[in-house]
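Structural overview
Below are the chains, spelled out letter by letter.
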Amino acid sequence: ECEADCIVEKMMEFVRSQSAVSREKKLSFGIITFYSAQRDLIKQKLRRYEKELKNSVTYKVGTVDAFQGMEFDVVFLSVVRSNGVIDFLTPNRLCVSMSRQKKVLIAVGCSDFMTSAESRNQKIPAMAEFYDLCAGKNDEGYGAVLTWKK
């Protein structure tokens, strides 16, 4: 639930920061997750902002399979896991989930899990590499790693 809260709060910060921007110039948002239960939770949390979002911005919440062929300016990727693993994660699904953004990809999840030896070596090495790239490992620093606490 923490990931869903973080994603909704951060998306609303983006939305509110564009209040003076014309609709055609506003950013579009995609929220991608690997699980339908997480999709449903995020949709439920966004309902409290329905009036604010209506006719304001373009956004879509869905599982990774619903995003094939789509692009958004800003994509939030919910890297939620079930019982410590990410089930059904194939290289193709990971590629789709990490390539739908035009401008910004924001991966939200447990950094300890995403960067663990198991994830690096077996489960999701591409996600660990993305984390390293954002964190500035190897002195590259192409992004940022933020800590969010409710």
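The model shown is predicted, which means the values in this text are computed figures rather than measured ones.

**Topic: the overall build of the protein chain**
Within the protein chain one finds 7 helices and 4 strands. Reading the secondary structure of the protein chain in the N-to-C direction produces α-β-α-α-β-β-α-β-α-α-α. Across the 150 residues in the protein chain, those meeting the buried criterion constitute 42%. For the protein chain, long-range pairs separated by at least 24 residues make up 75% of all intrachain contacts whose partners lie at least 6 apart in sequence. Put simply, the protein chain shows about 8700 Å² of open surface, and 46% of that area lies on carbon and sulfur atoms.

**Overview of the environment of Arg 100**
Looking at the secondary structure, you find Arg 100 in the loop between helix 4 (91-97) and strand 4 (101-108). Spatially, the C-alpha atoms of Arg 100 and Ile 32 are 9.2 Å apart, while their sequence positions differ by 68 residues. With residues near it in sequence (within four places) discarded, Arg 100 still touches Ile 32, Phe 67, Gln 68, Gly 69, Met 70, Glu 71, Phe 72 and Val 75. In this structure the side chain of Arg 100 is engaged in a polar contact, spanning 3.1 Å, whose partner is the backbone oxygen of Val 96.

**Description of the pairing of strand 3 (residues 72-78)**
Each regular strand carries side chains that alternate between the two faces of the sheet. Among the 7 residues in strand 3, 7 count as buried, and that is most of the element. As paired strands, strand 1 (residues 29-33) and strand 3 are joined by 5 bridges and run parallel to one another. By the bridge assignment, Ile 32 is partnered in strand 3 with Leu 77. As defined by bridge partners, strand 3 adjoins strand 4 across 6 bridges and the pair is classed as parallel. Bridge pairing in strand 4 places Phe 72 opposite Gln 101.

**What about the sheet that holds strand 2 (residues 59-63)?**
Judged by pairing direction, the sheet is parallel, and its 4 strands sit side by side in the order 2-1-3-4 without closing on themselves. Sheet topology places strand 2 and strand 4 at the edges, where each strand pairs with a single neighbour. Across the sheet, the mean angle separating the axes of adjacent strands is 15 degrees when strand polarity is ignored. In this sheet, strand 2 lies alongside strand 1 in parallel orientation, the contact comprising 5 bridges. The residue of strand 2 that forms the bridge with Phe 29 is Tyr 59. Packing of helix 2 (residues 36-46) onto the sheet brings it into contact with strand 1, strand 2 and strand 3, and relative to strand 2 it is tilted by some 155 degrees.

**A closer look at the packing of aromatic side chains**
Across all of its chains, the model carries 3 aromatic pairs by this definition. Pairwise contacts between aromatic rings join Phe 14, Phe 29 and Phe 76 into one cluster. Positioned above the aromatic ring of Phe 67, the side-chain terminus of Lys 60 is 5.9 Å from the ring centre.

**As for helix 1 (residues 2-17)**
With 16 residues, helix 1 ought to run about 22 Å at 1.5 Å a step, and its terminal C-alpha atoms sit 23 Å apart, in line with that. Taken together, the buried positions of helix 1 are occupied by Glu 3, Ala 4, Asp 5, Cys 6, Ile 7, Val 8, Met 11, Met 12 and Val 15. Next to the buried residues of helix 1 lie strand 1, helix 2, helix 3 (50-53), strand 2, strand 3 and strand 4.

Cut-off values and rules
Residues numbered from 1 in each chain as written. Predicted model: local features only at pLDDT ≥ 70, side-chain atom pairs only at ≥ 80, totals over all residues. Heavy atoms only, no water. Helix = DSSP H or I, 4+ residues; strand = E, 2+ residues; numbered from the N terminus. Buried < 20%, exposed > 50% of the residue type's maximum accessible area, 1.4 Å probe, protein only. Contact = heavy atoms within 4.5 Å. Areas by Shrake-Rupley, 256 points an atom, 1.4 Å probe, with all protein chains shown as cover. Polar contact = N/O pair within 3.5 Å; in protein donor to acceptor, adjacent residues only side chain to side chain. Pairing = 2+ DSSP bridges. Axes fitted to C-alpha atoms, helices over the stretch in contact; angles between N-to-C directions. Phe/Tyr/Trp six-rings, centres within 6.5 Å; stacked < 30°, edge-to-face > 60°. Lys NZ or Arg CZ within 6 Å of the ring centre and 35° of its normal. Expected span 1.5 Å × (residues − 1).

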